[in-house]
Amino acid sequence: MSPPATKPGTVSLDALLTAVRNAVDSGRIGSPVNVRVHWQFSGTDVKAAALAAVRIADEALALDEPAWRVRTGKLEASKGRMLNVLGEDRRGRTLLATLCRGEANEFALTVFGNHGTLRLEHSRLDENSLGAVDSDAAWRQSLAEAIA
């Protein structure tokens, strides 16, 4: 059986991580200082989505002992759950991820560097490509505790 076809504009987690790493390594945006993720998903657990979003941000920022602020909320119309994750590491680099469950899969990523910006807009993140997020990442345990 062949894998299911993906919709145009859909990107896998591995492809996204590779693209972010290549852009950062090229020096085109300078040193990354902030990452912003907006993601509406339909089939992924909110905690798994947060771990994936921070994994993407970590690819750009190489987070160093981040502190987390997490805010949750209920979405009235869709009865879904919303999660905002703000992380700041000891070098002052920050990330803000806004995650919510909904009917559509919509994904946007912005990496701000001190010399430029990397953007992915009007896209979808293939939820089937998430798999296990790096279990050995130093930030994983503290983020999981902040979400719980």
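This report concerns the structure included in the present document. (Residues numbered from 1 in each chain as written. Predicted model: local features only at pLDDT ≥ 70, side-chain atom pairs only at ≥ 80, totals over all residues. Heavy atoms only, no water.)

Observations regarding the nonpolar core
Nonpolar side chains tend to gather and get buried jointly when the protein is soluble and globular.
Logical step 1: Val35, Trp39, Trp68, Val85, Leu95 and Leu109 are the most contacted members of the largest nonpolar core, which totals 39 residues.
Logical step 2: Mapped onto this core, the elements with two or more residues apiece are α1 (13–26), β2 (32–41), α2 (46–61), β3 (67–75), β4 (80–88), β5 (94–101), β6 (106–113) and α3 (140–147).
Logical step 3: Top element by residues in this core is α2. It accounts for eleven residues.
Logical step 4: Setting aside chain neighbours within four positions, we find Val35 in contact with Ala57, Ala60, Leu61, Thr94, Leu95, Leu96, Leu109, Thr110 and Val111. (Core = buried A, V, L, I, M, F, W, Y, C linked by side-chain atoms within 4.5 Å. Buried < 20%, exposed > 50% of the residue type's maximum accessible area, 1.4 Å probe, protein only. Helix = DSSP H or I, 4+ residues; strand = E, 2+ residues; numbered from the N terminus. Contact = heavy atoms within 4.5 Å.)

Overview of unusual backbone geometry
Logical step 1: Phi is positive for Ala62, which is not a glycine, with a value near 50°.
Logical step 2: Locating Ala62 in the fold gives a position in the loop between α2 and β3.
Logical step 3: For Ala62, a relative accessible area of 40% corresponds to the partly exposed category.
Logical step 4: You will see that His122, though not glycine, has its phi angle at about 55°, which is positive.
Logical step 5: On the basis of relative accessible area, His122 is assigned to the exposed category, the value being 76%.

Examining the pairing of strand β7 (residues 117–125)
Logical step 1: One ladder, built from two bridges, connects strand β1 (residues 10–11) with β7; its direction is parallel. Bridge pairing links Thr10 to Arg124 in β7.
Logical step 2: Pairing analysis gives five bridges linking β6 to β7, with the strands arranged antiparallel. Bridge pairing in β7 links Phe112 to Thr117. (Pairing = 2+ DSSP bridges.)

So, the environment of Ser123
Logical step 1: Following the sequence through the fold, Ser123 ends up in strand β7.
Logical step 2: Of the residues examined, Ser123 reaches a relative accessible area of 6% and is grouped as buried.
Logical step 3: For the pair Ser123 and Glu106, spaced 17 residues apart in the sequence, the C-alpha separation amounts to 5.8 Å.
Logical step 4: Leave out the neighbours within four places in its chain, and Ser123 touches Gly9, Val11, Asn105, Glu106 and Phe107.
Logical step 5: A polar contact is formed between the side chain of Ser123 and the backbone oxygen of Gly9, at a distance of 2.6 Å. (Polar contact = N/O pair within 3.5 Å; in protein donor to acceptor, adjacent residues only side chain to side chain.)

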